[in-house]
Amino acid sequence: MASRAARKILSNPVSLTVNGRPVQVEMGATVLDAVRAAGSRVPTLCYHPEFKARAVCRMCLVDMEGERRPQPACHTLAKEGAIVNTDTDELKTFRKVDLQFLLARHPNECIRCEVAGNCKLQDLIEEYQVEDLMPKMQRGSLEHPEHRIHDHTSPSIWRDMDKCIECGLCVDSCSAQKINAIGFVERGKGMIPVPTFDKPLCQTGCISCGQCTLVCPVGALIERPDWQRVLEVLSSKRRTTVVQTAPATRVSIGEEFGFEPGTISTGRMIQALRALGFDYVFDTGFSADLTIMEEANELLARLRGEREGKLPLFTSCCPGWINYIEIHRPDLLPHLSTTKSPQQMHATVTKHGPFGRNAIPESEEPFVVSIMPCTAKKDEADRPGMRGDVDAVLTTRELAKLIRHCKIPFASLSNDDSYDSPLGESTGAAAIFGASGGVLEAALRTAVHALGIKDAPIELKECRGVDRGVKVATIPGVGSVAAVSSIASAIDLLSTDSWKNDYLMIEVMACPGGCLGGGGEPKSDDPNILEKRAKSIYQIDADANLRRSHDNPEVQQLYKDMLDHPLSEKSEQLLHTVYSARGSPREKLSQFLDAVDHRDGTRASDLFTEDGVWNTNTPLYGEIYGKEKIKSLIESKLPALPPYSAGHAPLKHRFVSNVEGTNIVAPDGQNVHFDVALDDATGRIKSLKLIPGESITAA
C-alpha cells in the first residue's frame, strides 16, 4: 500500500525504492525524507529539521545500490532510481557497535537523569538492547582541564558534558540565534562544546533562551530542574500553593502525552494541576491582559511626551530579549517598556493584591509556581526587585515530568475545566501572547481603542507567522509597527538605525515563533510543529467571548479595588520594573539593594571584593570593611524584616530612573545617591558610599 506522502502531487518528483517500496519525494529531498515518506524508520541522533545535517552520529547510515559504503540518510540527496535498504544485518550490527561506543562515553545515570524517558540515546539503547561492554572513557581533555564538564552556574540552563554525544545541535541552535555562546573545542575524543573562552555559562553572552536545551537529544543541556522542589512543597501541605500557566503551554503540553501537536489541552492541564495538589490554578492570561493595559498606556504616554523613555517602544515580556539588551545592547535600554512580564505581574498581584488579602491566611505567604514555555523565565524570577514573587518556574517539559512522576493519567482527564477566579479570566488578546506578533497585536487592540479609532481591524494578520524574520504592519492613524521572531532577526534589524524612524512599536521574541517555540516546550523533530501550535493559539482567540484586554472584567475590578488606573502610582510600584547594563555599577547596586531588602548577607557580600568597603554614611553603622563584616551587618544588625502580610507589598529600595543612574528612593522615603566603584579585574564592588538627599514621599 502506498504511503500518504507518495500520493501527494509533487512539482518535481524523484522516484526511488526504500526497502522494496516505491516512493516519490520532491527534488532536493534527502534519503531520510524518502525513508520517512515510505513509512520506514531509520534512527537519528544528530538530525534536526531546522539545521543543515552534520551526519556525525552515523546512526542513519543506509545501503544504496551502486555505492561502495553505507551513506548517511540525513545528508544524502535522494536520487532518481535509487534502491535504498535500511535494515540489513550489517547496518544493524554497526548501529549496535556505534551505540556501545556512545555508551562507553556516557555515565550510567539514567535512573536519576532529568531527561530519562525523553532521551533519544536511551531509547536506542533499549531498542537495540545494547550492553555496556566497552571500558568507560573519560570525557573532555586531560591536557585542557579548563574545559568545564559540569556547569550549573546559569539560573536557567545546566550543562553536563559527560552526557554529550557531540551531535553539534547546541552549537547550531546558538549560532542560528547569532548569540554564539557555545562552540566546539579540541578534536577527536577530546572534542566537546564549551561556552566562549571557557567561561561559566553565566559569564558569557548567553541570554537563557534555552534553544540549546530544546534540541539536545540527551541530558547534556537541560533547564535548571525545579520540579522536585515544587513536589516537596505540594507534598508537605504546609503552605497555600498557587500556580499560573502561560498561554503557549495549553497547546503544547498534550504532545508529552501522545496528543497531536497543537491540541488544546487547557482543561486537562488544569485538572492535572489540581490532582498534583495545587490549591489555586490561575491563568497567566489574566496578567497578560493586565500587561497590555499598562504597556498600551505607556506607549500613548511616550507619544505624548509624558513619560521617561524613547520611541519606538520595545516590548518587555520576553526575558531572553531583556537579557540580550542588558548584555549586548545597553544603549537601547531607554526604548524598553518598563512593564513587567505577565509572569511577574501575576505573582506580584497574587501575593500583594486583593486575592492574597481575602483568600490567604494573614501571615502565610503563598508558594507561587509558574508553568512557562520558557527557560529564561527562571532567570527572570531571580532578577533584582522581583526576586521572591515567583517561588519556582517549571517549563512545560518539567510539568509533564511531574505529572508522569505522580502517575496522573493526563490523557484520560476531562478537558472540561476552568481556571479559578479572581486571577483566572483572560481574553483572546491574552491567548495570542503565545505566538510571535501576539503581544503587539494585543497592545494595538487596546491602543486604538484608547485613541478612539473605531474602524481598526481586531486582527493584525500582517504580524502573524512563526518563521524567523521581521513582520511589519501599518495602522492608519497610529503608524507602523514590527514583530520580530527570534533574537537573530532582532540583531539583524538593529544592525542599522533605520528602525528608529520606521516604527512606533517593536515586539521582539527571542525564540523562533515566540513563546510556542520556547526553550522549555516539548522537544520535536516535526518541521511544522510551530505552525500547528500557532494555529491553535489563534483559534483560542477567535473563539473567545472577549478579545480585547481592556474588556477583561477581572482586570477592570483589580484597577477599581487596588490600582486606580494604568500608570498610577500603585501600578508603577507593583507592575513596572527597571533595567541595568550588565556589569555596570548600576547593576551591582541593584543586586546589592535587592539582597539587603531580603536580608541576604551572603548574596550581598559576594558582590564585594575581599577588602571591599560599604560606607553607610550613618552614625550607627559608619564604614564597614570586608565581605564578612558586610554579611554580618546585613544578617544580624539591620532591623529584621516585618513578617509577611497578605495583600500588602513590602517596602523596597527603588531606582528613581528606570534605565539609568544610581539615585534611589529608600524604603523610608529618603531620596539618596550611591557612589559605586568596581574592581577592574573582577567586576566586584570595591567601594560603595551612600550620599543622603532630600526626603520625599515613598510610593
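Up top is the structure.
Participant: I tried to follow the overall build of the protein on my own but got confused; where do I start?
Facilitator: Summing up its helical and strand segments, the protein has 24 helices and 24 strands in all. Oriented by its inertia axes, the alpha-carbon framework of the protein measures out at about 85 × 65 × 55 Å. Buried residues in the protein amount to 57% of all 699 residues. Entry remark: accessible area of the protein is about 29100 Å², with carbon and sulfur atoms responsible for 51%.

Participant: It is not clear to me how helix α11 (residues 342–352) should be interpreted in this structure. Could you clarify?
Facilitator: It helps to recall that an α-helix has 3.6 residues per turn; residues three or four apart then point in one direction. Of all 11 residues in α11, 11 are buried, a share of seventy percent or more. Burial in α11 covers these residues: Pro 342, Gln 343, Gln 344, Met 345, His 346, Ala 347, Thr 348, Val 349, Thr 350, Lys 351 and His 352.

Participant: Would you take a moment to explain the sheet that holds strand β11 (residues 241–245) for this structure?
Facilitator: Whether parallel or antiparallel, the strands of a sheet pair through hydrogen bonds between backbone atoms. With parallel pairing, the 4 strands of this open sheet are ordered in space as β12-β11-β14-β15. Pairing within the sheet leaves two strands with one partner each, and these edge strands are β12 (280–283) and β15 (392–395). When the angles between neighbouring strand axes are averaged without regard to direction, this sheet yields 25°. Along the sheet, helix α9 (residues 284–303) contacts β11, β12 and β14 (367–372); its crossing angle with β12, the most-contacted strand, is approximately 40°.

Participant: How do you make sense of unusual backbone geometry when you look at a structure like this?
Facilitator: Along the chain, Leu 311 connects to Pro 312 via a cis peptide bond; the corresponding omega equals 0°. Cis geometry marks the peptide bond from Ser 421 to Pro 422, where omega comes out at 15°. Within the secondary structure layout, Pro 422 lies in the loop between α14 (396–405) and α15 (428–431). Non-glycine residue Asn 19 carries a positive phi angle of around 50°. Mapping Asn 19 onto the fold places it in the loop between β1 (13–18) and β2 (21–26). Given a relative accessible area of 27%, Asn 19 falls into the partly exposed group. Even without glycine at this site, Arg 58 takes up a positive phi of about 65°. Summarising the element assignment, Arg 58 is placed in the loop between α2 (31–37) and β3 (61–64).

Participant: Explain the side chain of Asp 283 to me, please; I cannot follow it from the model alone.
Facilitator: The residue Asp 283 is located in strand β12 in this model. In this structure the side chain of Asp 283 is engaged in a polar contact, spanning 2.8 Å, whose partner is the side chain of Ser 426.

Participant: Mind showing me how you'd approach the pairing of β11 here?
Facilitator: Regular strands place side chains that alternate from one sheet face to the opposite one. With respect to burial, β11 is a largely interior element, 5 of its 5 residues being buried. Across the two faces of β11 the burial is the same, with Thr 241, Val 243 and Thr 245 and Val 242 and Gln 244 all buried. Direction of pairing for β11 relative to β14: parallel, over a ladder of 5 bridges. Note that in β14 the partner of Val 242 across the bridge is Val 368. For β11 and β12, the ladder comprises 4 bridges, and the chain directions are parallel. Residue pairing across strands places Val 243 opposite Val 281, the latter belonging to β12. For the segment spanning β11, helix α8 (residues 266–276) and β12, crossover handedness is right-handed.

Participant: Is there a simple way to think about the pattern of salt bridges in this case?
Facilitator: Should their charged atoms come close, side chains of opposite charge can pair. Taken as a whole and judged by the stated rule, the model has 48 salt bridges. The shortest N-O distance in the salt bridge between Arg 250 and Asp 283 comes to 2.7 Å. Of this pair, Arg 250 sits in the loop between β11 and α8 while Asp 283 is found in strand β12, placing the two residues 33 residues apart along the sequence. Exposure class is identical for Arg 250 and Asp 283. Each is buried. Salt-bridge contacts for Glu 398 lead to Lys 378; the nearest nitrogen and oxygen are separated by 2.7 Å. Of this pair, Glu 398 sits in helix α14 while Lys 378 sits in helix α13 (residues 376–380), and the two are 20 residues apart along the sequence. Taken as a pair, Glu 398 and Lys 378 share a single burial class, namely buried. What you see here is one network of salt bridges that share partners, running through Glu 441, Arg 445, Glu 459, Lys 461, Arg 464, Asp 541 and Arg 547.

Participant: Looking at this structure, how should I read the packing of aromatic side chains?
Facilitator: Aromatic rings considered in pairs are described by the distance between their centres and by the relative angle of their planes. Per the counting criterion, the structure on display carries 10 aromatic pairs. A ring pair is formed by Phe 592 and Phe 608, whose centres lie 5.6 Å apart and whose planes are at 75°; its orientation type is edge-to-face. Within this pair, whereas Phe 592 is found in helix α22 (residues 585–597), its partner Phe 608 is found in strand β19 (residues 608–615), the two being separated by 16 residues in sequence. Neither Phe 592 nor Phe 608 differs from the other in exposure class; each is buried. For the ring pair Phe 592 and Trp 614, a centre distance of 5.0 Å and an interplane angle of 80° mean the geometry is edge-to-face. Note that Phe 592 is positioned in helix α22 and Trp 614 in strand β19, a separation of 22 residues in sequence. A connected cluster of aromatic rings, assembled from ring pairs, spans Phe 314, Trp 321, Tyr 324 and Trp 499. Of note, Arg 404 hangs over the ring of Phe 257, and the distance from its end group to the ring centre comes to 5.6 Å.

Participant: Before we go on, may I ask you to explain the nonpolar core in this structure?
Facilitator: Membership of the largest hydrophobic core comes to 89 residues, with the highest contact counts inside it found for Leu 99, Leu 121, Phe 314, Trp 321, Tyr 324, Ile 487 and Ile 506. Broken down by element, the residue count for this core peaks at 6 residues, all from helix α16 (residues 438–450). Counting residues in hydrophobic clusters, the runner-up holds 28 residues, among them Val 369, Ala 392, Leu 394 and Ile 408.

Participant: Looking at this structure, how should I read helix α24 (residues 627–637)?
Facilitator: Residues of α24 that are buried: Lys 627, Ile 630, Leu 633 and Ile 634. Viewed end-on, α24 has its buried residues packed into an arc of 130°, placing them on one side of the element. Those residues of α24 that are exposed and angled more than 90 degrees off the buried face are Glu 628, Lys 629, Ser 636 and Lys 637.

Participant: Even after reading the chapter, I still don't get the packing of helix α7 (residues 227–236) against α14, so can you show me in this structure?
Facilitator: Relative placement of two packed helices is described by the angle separating their axes and the distance separating the axes. For the pair α7 and α14, the least separation of the axes is 10 Å and the interaxial angle reads 50°. If you check the angle between α7 and α14, you find them oblique. The chirality of how α7 crosses α14 is right-handed. Mapping the contact onto sequence places Trp 227, Val 230 and Leu 231 in α7 and Glu 398, Lys 401, Leu 402 and His 405 in α14. Class assignment of the residues belonging to the contact of α7 with α14 gives a composition of 4 nonpolar, 1 polar and 2 charged.

Participant: How should I be thinking about the state of the cysteines in this particular structure?
Facilitator: Working definition: the covalent bond between the sulfur atoms of two cysteines is a disulfide. Scanning the entire structure with this criterion turns up 0 disulfides. For the unlinked cysteine Cys 164, the closest cysteine sulfur is that of Cys 170, found at 6.1 Å. Note on Cys 202: no disulfide assigned, nearest cysteine sulfur contributed by Cys 206 at a separation of 9.5 Å. Residue Cys 202 is classed as partly exposed on the basis of its relative accessible area, which comes to 42%.

The rules behind each value
- All chains use their own residue numbering, which begins from 1 and follows the written sequence.
- Per-residue local features are limited, in this predicted model, to residues with pLDDT of at least 70; the limit for side-chain atom pairs, both in listing and counting, is 80 or more; totals at the level of whole chains, interfaces and linings are taken over all residues.
- Only hydrogens and water are removed before side-chain values are computed, so all heavy atoms of the structure are retained for them.
- The way it works is that DSSP assigns letters per residue, a run of H or I at least four long becomes a helix, a run of E at least two long becomes a strand, and they are numbered from the N terminus.
- Categorising residues by exposure relies on relative accessible area from a 1.4 Å probe, with only protein chains included: less than 20% of the type maximum marks a residue as buried, more than 50% marks it as exposed, and the intermediate range marks it as partly exposed.
- Note that accessible areas follow from Shrake-Rupley with a 1.4 Å probe, and for residues the cover is restricted to the protein chains shown.
- Here, a strand pair is defined by DSSP locating no fewer than two bridges between the strands.
- Helix axes use the C-alpha atoms of the stretch in contact, all axes being lines fitted to C-alpha atoms, and the angles between their N-to-C directions lie in the range 0 to 180 degrees.
- Pairs of residues are marked as contacts when any of their non-hydrogen atoms sit within 4.5 Å.
- Here a polar contact means two N or O atoms within 3.5 Å. Within protein one must be a hydrogen donor candidate and the other an acceptor candidate, and residues neighboring in sequence count only if both atoms are side-chain atoms.
- Orient the strands so they point away from the viewer; a crossover is then right-handed if the path from the first strand over the helix to the second runs clockwise.
- The rule for a salt bridge is simple: a side-chain nitrogen of Lys or Arg has to be within 4 Å of a carboxyl oxygen of Asp or Glu.
- Any Phe, Tyr or Trp ring, taking Trp's six-membered ring, that has another such ring centre within 6.5 Å forms a pair; planes under 30 degrees apart are called stacked, those over 60 apart edge-to-face, and the others tilted.
- Consider the ring centre and the ring normal. A charge sits over the ring if Lys NZ or Arg CZ is within 6 Å of that centre and within 35 degrees of that normal.
- Take the buried residues of types Ala, Val, Leu, Ile, Met, Phe, Trp, Tyr and Cys, join any two whose side-chain atoms come within 4.5 Å, and each joined set is a nonpolar core.
- To obtain the arc, one takes the directions from the helix axis to the C-beta atoms.
- Any angle from 65 to 115 degrees is called roughly perpendicular, while one under 35 is roughly parallel, one over 145 is roughly antiparallel, and all others are oblique.
- Two helices cross in a left-handed way if the nearer one is turned anticlockwise from the farther one by less than a right angle. They cross in a right-handed way if the turn is clockwise.
- As a working rule, the residues Ala, Val, Leu, Ile, Met, Phe, Trp, Tyr, Cys and Pro are called nonpolar, Asp, Glu, Lys and Arg charged, and the rest polar, with Gly in that last group.
- Two cysteine sulfur atoms form a disulfide, by the criterion used here, when they sit within 2.5 Å.

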